[in-house]
Amino acid sequence: MTKIAPSLLAADFSKLAEEIKDCDSLNVDWLHLDIMDGHFVPNISFGPAVVKTIDKLTDKFLDVHLMLSEPEKYFELFARAGADLITFHIEVHPDPVAPAKVLKEMGIKTGLSLNPPTDIEKVLPYLEHFDLLLVMSVNPGFGGQSFIESVIPKIEKARKYIDKHNLSTRIEIDGGIDENNAQRVIDAGVDILVIGSSFFGATDRQALTQQMQSLKR
Ligand code: DX5
Ligand code: ZN
């Protein structure tokens, strides 16, 4: 079974509480929250106050994706706001072991992400310290972009490494995921699909959720 994590960036913020209620009633697995600083990525989204509001509205597992140049400065704020898992990028922390330890000490699950141009070899040696590897399949900053096919071999390499070393690290994919590419990324080794525009823009969210969750390798 595959887990899905709708990205609230694509939700209608004028009725955020209803959008979250809808995710709850559809039994999605996680909520993916995209935090952007206008520096690491060319866009600004929302901060800990909004995460705290979301946390009050739902019991869902909050998967917080920090697209920030200095993520560690904000770990505590997001942890206090209700994050269950915090992901930061290898591009800002080429040696990510110390920040992962900080998160673990706060009782927060750890995620490591890499952008499409970054080699998968940069993250593999550190996966034992992480609960999640978040593979970006678009250049981060905006929802609604097209899936970049060339990330598939990276997923395959990560899957092989994780299986060979018997790690419990899950692989999540983020960017441009829809019905046309979901099975292919799962076959390559993905466990969790982030779905933004194709989830919130779907004409039948229930059918999409069931279809995506039933996909198997
Ligand atoms: C991109 C974000 C993604 C994005 C996914 O910077 O990290 O989580 O919101 O949205 P879609 O599925 O529309 O590409
Ligand atoms: Zn994201």
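Anything mentioned here points back to the structure above.
To keep things clear, this report deals only with the structure shown in the data block.

Criteria and cut-off values
- Residues numbered from 1 in each chain as written.
- Chains lettered and ligands numbered in written order.
- Predicted model: local features only at pLDDT ≥ 70, side-chain atom pairs only at ≥ 80, totals over all residues.
- Heavy atoms only, no water.
- Helix = DSSP H or I, 4+ residues; strand = E, 2+ residues; numbered from the N terminus.
- Rg over C-alpha atoms; globule rule 2.2 N^0.38 Å.
- Buried < 20%, exposed > 50% of the residue type's maximum accessible area, 1.4 Å probe, protein only.
- Contact = heavy atoms within 4.5 Å.
- Areas by Shrake-Rupley, 256 points an atom, 1.4 Å probe, with all protein chains shown as cover.
- Lys, Arg positive; Asp, Glu negative; His and termini not counted.
- Charge placed at Lys NZ, Arg CZ, Asp CG, Glu CD.
- Near = heavy atom within 4 Å.
- Polar contact = N/O pair within 3.5 Å; in protein donor to acceptor, adjacent residues only side chain to side chain.
- 1 Å grid on protein atoms, 1.4 Å probe; cavity = no way out; pocket = protein on both sides within 12 Å on 5 of 7 lines; lining within 4 Å.
- Sits in = over half its atoms within 2 Å of the grid points.
- Donors = N, O, S within 2.8 Å, 3.2 Å for Na, K, Ca; no water.
- Tetrahedral: all angles 85-135°; square planar, octahedral: opposite > 155°, others 65-115°.
- Phe/Tyr/Trp six-rings, centres within 6.5 Å; stacked < 30°, edge-to-face > 60°.
- Salt bridge = Lys/Arg side-chain N within 4 Å of Asp/Glu carboxyl O.
- Arc of directions from axis to C-beta.
- Points joined across faces, edges and corners; volume = space filled by probe spheres on them.

With respect to the overall build of the chain
Looking only at helices and strands, one finds 8 helices and 8 strands in the chain. The C-alpha atoms of the chain give 16 Å as radius of gyration, which agrees with the globular expectation for 217 residues (17 Å, within 12%). With the C-alpha coordinates aligned to their principal axes, the bounding extent of the chain is approximately 40 × 35 × 30 Å. Burial statistics for the chain: of 217 residues in total, 52% are counted as buried. For the chain, long-range pairs separated by at least 24 residues make up 65% of all intrachain contacts whose partners lie at least 6 apart in sequence. Here the chain displays about 9800 Å² of accessible surface, and carbon together with sulfur accounts for 48% of that area. Placing the 22 positive and 32 negative side-chain charges of the chain at their respective mean positions leaves the two points 4 Å apart.

What to know about the site of ligand 1
Residues in contact with ligand 1 amount to 20 residues; listed here are only the nearest, Asp34, Gly141, Gly144, Asp174 and Ser197. At a separation of 3.3 Å, an oxygen atom of ligand 1 approaches a polar side-chain atom of His65. Here an oxygen atom of ligand 1 and a backbone polar atom of Gly196 are 2.8 Å apart. Under a 2 Å grid-point criterion requiring more than half of the atoms, the pocket assigned to ligand 1 is the largest pocket. Those elements that provide at least two residues to the shell around ligand 1 are strand E2 (30-36), strand E3 (61-67) and strand E8 (192-195). Per-element tally for the shell around ligand 1: the top contributor is E2, with 3 residues.

Some thoughts on the coordination of the zinc ion (ligand 2)
Surrounding the zinc ion (ligand 2) are the protein donor atoms His32 (NE2), Asp34 (OD), His65 (ND1) and Asp174 (OD), at 2.0 to 2.3 Å. For the zinc ion (ligand 2), the 6 donor atoms are set out with angles of 68 to 166 degrees between them, so the coordination reads as octahedral. Here the donor residues of the zinc ion (ligand 2) are spaced in sequence according to H-x1-D-x30-H-x108-D. Placement of Asp34 in strand E2 and of Asp174 in strand E7 (residues 170-174) is noted, with a sequence separation of 140 residues between them. We note that Asp34, like Asp174, is buried.

Quick notes on the packing of aromatic side chains
Considering all chains together, one arrives at 5 aromatic pairs under this definition. An angle of 45 degrees between the planes, with centres 5.8 Å apart, marks the rings of Phe75 and Phe88 as tilted. Remark: Phe88 occurs in strand E4 (residues 85-89) and Phe75 occurs in helix H3 (residues 75-81); sequence separation between them is 13 residues. With a relative accessible area of 0%, Phe88 lands in the buried category. In textbook terms, an aromatic cluster arises when at least three aromatic residues are bridged by ring pairs, as seen for Phe75, Phe88 and Phe130.

Focus: the pattern of salt bridges
Under the criterion given, the structure shown has 10 salt bridges. Because the salt bridges share partners, they merge into one network encompassing Arg159, Asp163, Asp191 and Arg217.

Overview of helix H4 (residues 97-105)
Among all positions in H4, only Pro99, Ala100 and Leu103 are buried. When H4 is viewed along its axis, its buried side chains cluster within an angular range of 105 degrees and face the same direction. Along H4, exposed side chains directed more than 90 degrees from the buried face belong to Ala98, Lys101 and Glu105. Gly107, located one to two residues past H4, shows a positive phi value of around 80 degrees.

Some points on the layout of surface pockets
Approximately 310 Å³ is the volume found for the largest pocket. Lining the largest pocket are 28 residues, and of these Gly143, Gly144, Gly175, Gly176 and Gly196 sit closest to its centre. Secondary-structure elements contributing two or more residues to the lining of the largest pocket are E2, E3, E8 and helix H7 (197-200).

Here we look at helix H8 (residues 205-213)
Three or more residues of H8 are buried, namely Arg205, Leu208, Thr209, Met212 and Gln213. All buried residues of H8 project into a common sector of 120 degrees when viewed along the axis, lining one side. The inward-facing, buried residues of H8 abut strand E1 (3-6), helix H1 (16-25), helix H6 (182-188), E8 and H7.

Shape is all these values report; function is a separate question.
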